Amino acid sequence: TQVISTTESSVFFENGHLKFYFATGKANVAGNALEKADEILAAAKTGQVLGISGYTDSTGDAAANAKLSKERAAAVKDFLVKNGVPEAQLKLIKPTDSVGAVGKDQEGRRVEVYAIGKDDKEMPLAAAIGAAVGTAVDTTTNVVSDAAKVTVETTKDAGNAASDATAASAPK
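Residues numbered from 1 in each chain as written. Predicted model: local features only at pLDDT ≥ 70, side-chain atom pairs only at ≥ 80, totals over all residues. Heavy atoms only, no water.

1. Examining helix α2 (residues 38-45)
- Inspection of α2 places Ile 40, Leu 41, Ala 43 and Ala 44 among the buried residues, and these make up the whole buried set. Each buried residue of α2 sits inside an arc of 155° when the element is viewed along its axis, so together they form one side. Exposed and oriented more than 90 degrees from the buried face of α2 are Asp 38 and Lys 45. (Buried < 20%, exposed > 50% of the residue type's maximum accessible area, 1.4 Å probe, protein only. Helix = DSSP H or I, 4+ residues; strand = E, 2+ residues; numbered from the N terminus. Arc of directions from axis to C-beta.)

What follows is the structure, given as structure tokens:
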């Protein structure tokens, strides 16, 4: 089980999406981002266009949240460019519902990167890589078992610092 900290940035790869989670009010990309980005960076090397979508939580000022969401998406875009993805292969896409699930603010404080087709619609990552290199790829490689679903940690006070330490040492 992956634990999302409320106080530290983190990155997870799940179901063909590279998910960047951010601490409240911050736009810093997590230090473990590069180790989690292998599949997305491999897709980009084949010429795959990647969509970048930012989300906000349901608390606080909506205008401030929208600004922060854009800053976070820009930070993720900069991370990808610094790691070899041509800017021409990156497209910022505003999600239909940009607010994360109410009551799960950590889900809202995220930016997702994923493969997109010519119509700017999401496509399975394995299929995107296969299409880009001209081979058939088994799309089941992007399926994540129920055991790997993300759970959200709620940090209410400094007494939960041990939970954050556990999250930092959890298998990646």
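So, next bit.
2. Concerning the nonpolar core
- Core analysis: the largest hydrophobic core is formed by 23 residues, its most contacted members being Phe 20, Ile 52, Val 76, Leu 80 and Val 113.
- Within the residue set of this core, elements represented by two or more residues are β3 (17-21), α2, β4 (50-54), α3 (62-82) and β6 (110-115).
- If we ignore the near neighbours within four places in the chain, the residues touching Phe 20 are Ser 10, Val 11, Val 29, Ala 33, Val 76, Phe 79, Arg 109, Arg 110, Val 111 and Val 113. (Core = buried A, V, L, I, M, F, W, Y, C linked by side-chain atoms within 4.5 Å. Contact = heavy atoms within 4.5 Å.)

3. Some points on the packing of aromatic side chains
- One pass over the structure, following the stated rule, counts 2 aromatic pairs.
- With centroids separated by 5.9 Å and ring planes inclined at 65°, the aromatic side chains of Phe 12 and Tyr 21 adopt a geometry described as edge-to-face. In this structure, Phe 12 and Tyr 21 share a single accessibility class: buried.
- Ring plane angle 70° and centroid distance 5.7 Å describe the contact between Phe 20 and Phe 79, whose orientation is recorded as edge-to-face. Taken as a pair, Phe 20 in strand β3 and Phe 79 in helix α3 lie far apart in primary sequence, 59 residues in all.
- By relative accessible area, which is 1% here, Phe 20 ends up buried.
- The class for Phe 79 is buried, based on a relative accessible area of 12%.
- Over the ring of Tyr 55 we find Arg 110; its NZ or CZ atom is 3.8 Å from the centre of that ring. (Phe/Tyr/Trp six-rings, centres within 6.5 Å; stacked < 30°, edge-to-face > 60°. Lys NZ or Arg CZ within 6 Å of the ring centre and 35° of its normal.)

4. Some details on the environment of Glu 87
- Secondary-structure assignment places Glu 87 in the loop between α3 and β5 (90-92).
- The spacing of Glu 87 and Val 49 is 38 residues in sequence and 9.6 Å in space, taken between C-alpha atoms.
- Apart from the residues lying within four places of it in its own chain, the contact partners of Glu 87 are Lys 77 and Val 81.

5. A look at the pairing of β4
- For β4, a buried count of 5 out of 5 residues is recorded, marking the element as mostly surrounded by other parts of the structure.
- Taking every second residue as pointing to the same face, both faces of β4 are buried, with Leu 50, Ile 52 and Gly 54 on one and Gly 51 and Ser 53 on the other.
- Two elements, β4 and β5, share 3 bridges in a ladder whose sense is parallel. Residue pairing in the sheet places Leu 50 in a bridge with Leu 90 of β5. (Pairing = 2+ DSSP bridges.)

6. Some details on unusual backbone geometry
- Phi is positive for Asn 15, which is not a glycine, with a value near 50°.
- For Asn 15, the location among the structural elements is in the loop between β2 (10-14) and β3.
- The class of Asn 15 is partly exposed, set by a relative accessible area of 41%.
- Positioned with a positive phi, Asp 120 is a non-glycine residue whose angle comes to about 65°.
- Tracing the backbone shows Asp 120 in the loop between β6 and α5 (125-133).

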